[in-house]
Number of protein chains: 4
Amino acid sequence: MNNNIKATLLFSCPDRPGLVSKISQFIFEIGGNILDLVEHVEIDEKFFSIRIAWEMDGGSISQSDLNNKFKTIADEFNADWKINFKDKKKRAAIFVSKYDHCLQEILWRHKLSEYDIDIPLIISNHPDLSSLAASYSISFHVFEITKENKSAQENKELQLLRENDIHTIVMARYMQILSPVIIDEFPNQIINIHHSFLPAFIGGNPYKQAFERGVKIIGATSHYATLDLDEGPIIEQDIIRISHKDSIEDLKRKGRDLERLVLARALHYHFEDRILVRGKKTIIFE
Amino acid sequence: MNNNIKATLLFSCPDRPGLVSKISQFIFEIGGNILDLVEHVEIDEKFFSIRIAWEMDGGSISQSDLNNKFKTIADEFNADWKINFKDKKKRAAIFVSKYDHCLQEILWRHKLSEYDIDIPLIISNHPDLSSLAASYSISFHVFEITKENKSAQENKELQLLRENDIHTIVMARYMQILSPVIIDEFPNQIINIHHSFLPAFIGGNPYKQAFERGVKIIGATSHYATLDLDEGPIIEQDIIRISHKDSIEDLKRKGRDLERLVLARALHYHFEDRILVRGKKTIIFE
Amino acid sequence: MNNNIKATLLFSCPDRPGLVSKISQFIFEIGGNILDLVEHVEIDEKFFSIRIAWEMDGGSISQSDLNNKFKTIADEFNADWKINFKDKKKRAAIFVSKYDHCLQEILWRHKLSEYDIDIPLIISNHPDLSSLAASYSISFHVFEITKENKSAQENKELQLLRENDIHTIVMARYMQILSPVIIDEFPNQIINIHHSFLPAFIGGNPYKQAFERGVKIIGATSHYATLDLDEGPIIEQDIIRISHKDSIEDLKRKGRDLERLVLARALHYHFEDRILVRGKKTIIFE
Amino acid sequence: MNNNIKATLLFSCPDRPGLVSKISQFIFEIGGNILDLVEHVEIDEKFFSIRIAWEMDGGSISQSDLNNKFKTIADEFNADWKINFKDKKKRAAIFVSKYDHCLQEILWRHKLSEYDIDIPLIISNHPDLSSLAASYSISFHVFEITKENKSAQENKELQLLRENDIHTIVMARYMQILSPVIIDEFPNQIINIHHSFLPAFIGGNPYKQAFERGVKIIGATSHYATLDLDEGPIIEQDIIRISHKDSIEDLKRKGRDLERLVLARALHYHFEDRILVRGKKTIIFE
C-alpha cells in the first residue's frame, strides 16, 4: 500500500494509437504525477487495458469534477473505466459461518493497516464467531437462515448493507449461497474463497473430492461471486503439496492456511483497485 | 539413485501388529541390510503399506528363490507385494508424436544416468523426431496411425514391445489414445503426461480451456494410463503462475517446462520402485 | 496429528544389519502396533536414523519401564535415542517482544488443537501483547531487559520456566538474545524464527540487507537456538518472491506471512517428535 | 515473445510530473502504438523507471533517426535510456566448460525460437561439448586456459567476439573467471549462473556448503558478471526443497534443473530488453 497514491484509474477499450498519451496527458493537466502504471494490449483482440495510480494535491480537483472531465475522453474511446479516490475508504462487510480462519486473517491484517478500508460490520448465520468480532470491536449481526426464511433474512441483510454504505462483501467461508437479490446489487464487489483449485472440484466438500481422486496438490481459489456458483471471475489461486499420509482432516488443516492467504491476496488486489473484470476473466495489475 | 541398493520391496495388506518385525526379520535373515524404509498405516481403513530398499551381497540369493521364500510370509498376510532386483534394468519404450520437449528431457537424463534403465526403442506416429532419437543412438520406429489401420498398427507395436522385452511405456506427449490391447498388457506400467492440473481441464486442448476460464495457475499431471482417459492414478503434479499478459502460446511455452519436469519426476518414482498403486490412487514413497 | 499414536521413538547409531528388525521386534513385544516409520542410512558415514510412531494399549507398560527395557537394546548399538509418550503433553513457553504475528499464529493454531501441547505462559520484554495473551487466557509475564538487569531478569525467567515445568521455548520474534544460562538448560528445545533465508543475511535487519542486495526472493528460517547466533540447526525454511516495486515495508509485510508459517511448521515437527538433531544439522522425519 | 513488437525503450531518471505523457506522446508522433508499458516511481528516492514496447510500420523511421530525436527529450530529463529495435537480432556467445545442462537448455530453447537471437559461436576451455554444439550446427571454439596462457587466450577470445559482433555473453556453467579485459567490454551484457541462492554460499562448491550447513532449500542465481565475483546485479533466482536423504550428488542433480531454468528465465528477460540495471540491483519489467 503506497500512501502517496491519491487516485487510481482502471480503463479498457478497443486498442488504437495514442491512448496512453491522451490519458497520461489528462492526468498531468489535472496536476497528477503518475507513480505506477501498467498497460497491455492483447494483440489478437486488440484489447487495451491500463491501470494508473497517481499522487495529486488534495484540493486540486474533486472526484466528481474529475469524473466529468475524464468522461469526455473515455466516451471518445468507447471505454469501460472507473476512477477511485483514495480519500474515501471502501467499506466492507464480512460474511462468515462457523470457521474462523479467514475472518481472523482479515481482521488481523486490517488491524495492521494492510488494507485501507473500513469494516463496519460482520454478518453470520451462526453466533459462533461473535466473540472474535468483539475482540476487534466490530459489530456482529446474526441472521439464521432456513429454507423458509432465507428470502426474508437476505432482505434484512441487504437493508443493513445499504444503511452501512457497504461497497464490498467478503464471503470468508460463508456456507450459504447468496441469492440474486444480493449478488445483483454488488456486481464484482462480492469476493468468495473456494477451497479447491477451480475448476477442479466444483461444489461441495472439495477436500473429500480431492482425497478420493488422489491428487498430489490441493488448492484454493478466490473469485468474484456470480449467479453461477464457483464460475465467477477468478482473482487469485494457490496450491500446497499433500501426500498419501494426509487424511481428509490433514487436507482441511493444510487447506486452511491456503484459503486465508489466497483470500487475503485477492482482497489486497481488490481494495487497491488492481482488478479489471473482463467477461469471465480478471486482469490483475500487479 | 543409490547404487548400494540391490533390491526393493513394495508391500501392502490389512494392518496388524508385527508386520514390520516379520518383514525386516526376513530381510535380515537373507543377508540384507535395510538402507531406506517408509511405512505407514492409514488408520481409517487399517491399510498397511511399506517400501523397503536394502543392500545385499550379490550371490547370496537369486531373485526367484527370494520370491519363493517371501511368498510364504506374504500369503499369511494376504498381501499385494513385489520385489524388484536392481541388477536387472527395467526396459522402457518411449511413445512420441511431434513435440520434442519430453523426449529430449528423458533422453538427456538417461544419458546422465539419472534413470537406471535401458531404452531400446522409441515409437512414433510421425517421423519428425527421428533425428533426435538418432543423436542418442536409439532406434526409432514409425507407425503412422489412421482410423482404418490403428488396430493393425498397434498389434505390430505390441509385437515390437514384446520382442524387446519392454517393461514400461512412457507416453511423452504421444497424441494418440492407446487401445485396450496395449493398456491391458501393461497394467500400471504406462506413464502419461497430461498438460493440465487434473481433474481440471480433462480432454483436448487444456491450455485453451485454461486460457478461456481465466485461471491464474496452470498445471501438468503425470499418471498411469488406464482405459478411462485422464482418469488413471496420479503420480505427480506441479503448477506455474500465469498472468493476463500470457497468450495461449505463452501457456504452451510455460507448460512445456512443467510437462517435462513433472514427467521426469514421475519416471524417477516409477523406475526406483517408489510407487504403490491403490485403486485410483498412488502411494509415493519419497 | 494422529491421535492413535501413543509413543514415538527417535533413534540413531552407526549402521549395521538387523537394526530395524531388533527395534520393531521390541515394539511388537511390548504390545505396540507401528503406525508410521521412516528409516534411512546415510551411506557415506554409515549413519542409521529412524523414527517410529506406534499405538499401544494405555496400561500395557509405563514410560519408565519402557525406557529401562529399551536401554538394553540401545546400549548394545551405542545409540542416541529418546522415547516420547503422547499422554504427557509438552509444555511450551512463548517469548515475544512487540510483533504479534507469530504469537497470534501459534495461539490460534493451539486453540484449533493443531499442536498437542500446553502453553502455560508467555514471557515478554514489553507489555504490548498482554491483551492478545489475555484473549487466549494465557498468563503474560513482562521482564523488561536492560544491559544492567539482563542477567538478573533472565534468572527470574528461568525460575518461572522451571516452576512451570517448561519443555520448549518458542522465540516468536523475541528481540533479545538469550544468555547461555537459558540456552544451556534447553538444548534443542528453543526454537527461533529468523527473518531471512539463512545463511544469507545473518544478523540485524535482514529485510534491509535483502532490499539493498537486490535479491528476487526473500526467506525465513526456523532453527534451534544455540550459543552461536543464527548458526543453530535449521528446522524449516521457505521463501516468497519480491519485485523492484517492493519497498522495505513491503518486504516486512510479505515476510510476516512467511515467518509465521515457517515457525508454525517447525513447531509442528518439533511437537510431533519428528526432529533428530545431528551436529549442526537436523533430520526431519516427515 | 510478441512478434508485433518492433521497438522497446528502457528509461530511468529523477521523477517529475509529465514524464509518461512526454514519452508516450513522442512514440505516438513517430507512428508507434504502445503494446506493453510498465512504469514505476520509487517514492523514497523519487526514481522514475519505465519500459515501453511498441509496434510501428517498419519504414517509418530508422533507428538512428529515432535515437537522435529521442535524445532531445532524454537530455531534458537527465535520463539513462536505451531504445532497442527488434529487427536487429542480438548476437550471443555461450561460454561453457564440461557440464552440458545449461548449454543444452539454451540451444533447445533457441531452436524452438523462444529467444529472438543469433548464436554464432560457443567458446569453451574444454573440447567435451563439441558434439552437442555440432548437433545444433553452431561453431565451437576451444581455448584451453592455464595460469600462464590465460591472458593471451582471453585476448584471442575477445578478438573472436568482436569479429562476430557479439552483444551478449552467456556463462553457461563456464568454470573460469573472466578477466577485466572481457568484463569491461561487455557491461551488463555478461550473464552468469551461480549454483546457490546468493548471497548465501558465495564462491566454490556451493552444493557442498549447503549440504554441510544443513539448509532445507537450495537455490540458483543468475546475475550480470562484474569484477566482484558473485556480486553482480541479480536477475533471477529460484529454489528447490531438499531433505536429509539427499546426498551432495542429489543436490547437484536437483540443482541442475534449477540452474538451467533460472538461467533460461534470466536470458528471456535480457533478450527481451526487460532489465534495467540500477547500481547493484536490477529492475525486471515483467
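Definitions and limits used
Residues numbered from 1 in each chain as written. Chains lettered and ligands numbered in written order. Predicted model: local features only at pLDDT ≥ 70, side-chain atom pairs only at ≥ 80, totals over all residues. Heavy atoms only, no water. Contact = heavy atoms within 4.5 Å. Buried area = accessible area lost by both parts, 1.4 Å probe. Salt bridge = Lys/Arg side-chain N within 4 Å of Asp/Glu carboxyl O. Polar contact = N/O pair within 3.5 Å; in protein donor to acceptor, adjacent residues only side chain to side chain. Helix = DSSP H or I, 4+ residues; strand = E, 2+ residues; numbered from the N terminus. Nonpolar A, V, L, I, M, F, W, Y, C, P; charged D, E, K, R; others polar. Pairing = 2+ DSSP bridges. Axes fitted to C-alpha atoms, helices over the stretch in contact; angles between N-to-C directions. Least-squares fit on C-alpha atoms with pLDDT ≥ 70 in both.

Enquirer: For this particular structure, what's the right way to read the interface of chain A and chain B?
Expert: In many analyses, interface size is given as the accessible surface area lost on bringing the parts together. Across the boundary between the two partners, chain A contributes 33 residues, which contact 34 residues of chain B. Carbon and sulfur atoms supply 57% of the area that chain A and chain B bury against each other, a total of about 3,100 Å² over both sides. If you sort the residues of chain A by the area they bury against chain B, Arg213, Lys216 and His244 of chain A come out on top, with a joint share of 24%. The partner of Asp238 of chain B in a salt bridge is Arg241 of chain A, and the shortest N-O contact between them spans 3.7 Å. Applying the counting criterion to the chain A and chain B interface returns 14 residue pairs in polar contact (both at pLDDT 80 or more). Of all the elements in the fold, those that place two or more residues in the side of chain A that touches chain B are strand S2 (33-42), helix H7 (206-213), strand S11 (234-241) and strand S13 (281-284) of chain A. Counting residues per element, the side of chain A that touches chain B draws most heavily on S11 of chain A, which supplies 7 residues. Per-class residue counts for the side of chain A that touches chain B are 14 nonpolar, 6 polar and 13 charged.

Enquirer: Honestly, the sheet that holds strand S9 (residues 190-194) of chain C in this entry has me stumped. Any pointers?
Expert: All names here are of chain C. The 7 strands are arranged S7-S6-S5-S8-S9-S10-S11 in an open sheet whose pairing can be described as mixed. This sheet does not close on itself; its edge strands, each paired only once, are strand S7 (139-142) and strand S11 (234-241). Shown here is a sheet whose adjacent strand axes are inclined to one another by a mean of 20°, direction ignored. Pairing of strand S8 (residues 168-171) with S9 involves 3 bridges; the strand directions are parallel. In the strand pairing of S9, Met171 is matched with Asn192. Its contacts with the sheet put helix H8 (residues 248-271) on strand S5 (90-96), strand S6 (117-124), S8, S9, strand S10 (217-224) and S11, and the angle it makes with S11 is roughly 150°.

Enquirer: Would you mind showing me how to read the relation of the copies chain A and chain B here?
Expert: The two chain copies are connected by a rotation around an axis plus a translation along it. Here chain A sits on chain B after a turn of 180° about the axis and a move of 0.0 Å along it, with an RMSD of 0.0 Å. When the rotation and shift are considered jointly, the pair of chain copies conforms to a two-fold rotation axis. Taking the C-alpha atom as reference, chain A places Ala200 of chain A closest to the rotation axis, 2.3 Å from it. By residue overlap, the copies meet face to face through one surface: 100% of the interface positions of chain A are interface positions in chain B.

Enquirer: What should I look at first to understand the sheet that holds strand S9 (residues 190-194) of chain B in this one?
Expert: Residue and element names in this part refer to chain B. The 7 strands are arranged S7-S6-S5-S8-S9-S10-S11 in an open sheet whose pairing can be described as mixed. The strands lining the two open edges of the sheet, one partner per strand, are strand S7 (139-142) and strand S11 (234-241). Adjacent strand axes in the sheet meet at a mean angle of 20° when their direction is disregarded. In the sheet, strand S5 (residues 90-96) pairs with strand S6 (residues 117-124) via 6 bridges, with the strands oriented parallel. If you follow Phe95 over to S6, its bridge partner there is Ile123.

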